[in-house]
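A structural walkthrough
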Amino acid sequence: MTGTMMRVKAFVAVALSAGTLAFAVPAMAQELAPEQLALARQYIDLTDRASVFEVTMVEIGIGTMRQIVQQNPELAEKTDAAVGKILEEYRSRKGDLMDQFARVYAARFTAAELQEIVAFYSSETGKKLAQANTEVNSDLQSVLQVFTNNIRQEFFAKVRAELRAQGVEL
């Protein structure tokens, strides 16, 4: 799996988790102003550089195909065609997911704040940030991984030394 696919998958998981939380939090059940939802949706459309819906659907299709073909290798060609057909059926549902993402933002930001956010992401700097986010997030993930790997052993050694100072041997 490429680094880009892993980043997109991580982003999708976070985004879907946020969407799931929207249904779980009672405050989110409130009715939101249409203009607020429209601004939030505009933000979603401006920042969906990773094509979250498309990537998610392709990953679901690949997973389904892998599951079927592992047990029935002779069905690879037919399964591939069926997956393609079903993916086409789901194409029209992108708007539903993006609308749910927009509800999450609309519930957390005022219309004025969303207007500022949309204005920023409509600017050249905002467009550049939205375009670079995938690569930046990947770089940040790499930095965090190096940090974590370096600190993990050091941290364990310090806790072990602290316990040893208290007379506990591991």
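Our subject is the structure listed above.
The text that follows walks through the structure, step by step, so that each part is easy to find.

Calculation criteria
- Residues numbered from 1 in each chain as written.
- Predicted model: local features only at pLDDT ≥ 70, side-chain atom pairs only at ≥ 80, totals over all residues.
- Heavy atoms only, no water.
- Helix = DSSP H or I, 4+ residues; strand = E, 2+ residues; numbered from the N terminus.
- Expected span 1.5 Å × (residues − 1).
- Buried < 20%, exposed > 50% of the residue type's maximum accessible area, 1.4 Å probe, protein only.
- Arc of directions from axis to C-beta.
- Axes fitted to C-alpha atoms, helices over the stretch in contact; angles between N-to-C directions.
- Parallel < 35°, antiparallel > 145°, perpendicular 65-115°, else oblique.
- Left-handed = near helix turned anticlockwise from the far one by under 90°.
- Contact = heavy atoms within 4.5 Å.
- Nonpolar A, V, L, I, M, F, W, Y, C, P; charged D, E, K, R; others polar.
- Phe/Tyr/Trp six-rings, centres within 6.5 Å; stacked < 30°, edge-to-face > 60°.
- Polar contact = N/O pair within 3.5 Å; in protein donor to acceptor, adjacent residues only side chain to side chain.

**Brief notes about helix α2 (residues 34-47)**
Quick reminder: α-helices carry 3.6 residues per turn. Residues three or four places apart thus point the same way. Under the 1.5 Å per step criterion, the end-to-end length of α2 is 20 Å for 14 residues, consistent within 8% with the ideal 20 Å. Of all the positions in α2, only Gln36, Leu39, Ala40, Tyr43, Ile44 and Leu46 are classed as buried. Within α2, the buried residues cover an arc of 165° as seen down the axis, which keeps them to one side.

**Some thoughts on the packing of helix α3 (residues 52-71) against helix α5 (residues 94-108)**
Running from N to C, α3 and α5 cross one another at 120°; their axes reach a closest spacing of 10 Å. As far as their axial angle goes, α5 and α3 are oblique. Crossing of α3 against α5: the hand is right-handed. From α3, Val52, Phe53 and Glu54 reach across to α5, where they touch Lys94, Leu97, Met98 and Phe101. Among the residues making up the contact of α3 with α5, the classes are represented as 5 nonpolar, no polar and 2 charged.

**What about the environment of Leu114?**
Note that Leu114 resides in helix α6 (residues 111-122). For the pair Leu114 and Leu39, spaced 75 residues apart in the sequence, the C-alpha separation amounts to 5.9 Å. The contacts of Leu114, once residues within four sequence positions are left out, are Gln36, Leu39, Ala40, Tyr105, Ala106 and Phe109.

**What to know about the packing of aromatic side chains**
For the structure shown, the criterion picks out 4 aromatic pairs. With 5.1 Å between their ring centres and 80° between their planes, Phe120 and Tyr121 make a pair best called edge-to-face. Among the aromatic residues, ring-to-ring pairing joins Tyr43, Tyr105, Phe109, Phe120 and Tyr121 into one connected group.

**Describing α3**
Between its first and last C-alpha atoms α3 spans 29 Å; for 20 residues at 1.5 Å apiece the expected length is 28 Å, and the two agree. All buried positions along α3 are accounted for by Val52, Phe53, Val55, Thr56, Met57, Glu59 and Gly61.

**Points about the side chain of Thr56**
Its place among the elements puts Thr56 in helix α3. Side-chain polar atoms of Thr56 contact the backbone oxygen of Val52, separated by 2.7 Å.

**Re the environment of Asp45**
For Asp45, the location among the structural elements is in helix α2. Overall, Asp45 belongs to the partly exposed group, its relative accessible area being 48%. Remark: the alpha-carbon pair of Asp45 and Val118, spanning 73 residues in sequence, is separated by 9.8 Å.

It is worth stressing that arrangement in space is one thing and function is another; only the former is reported here.
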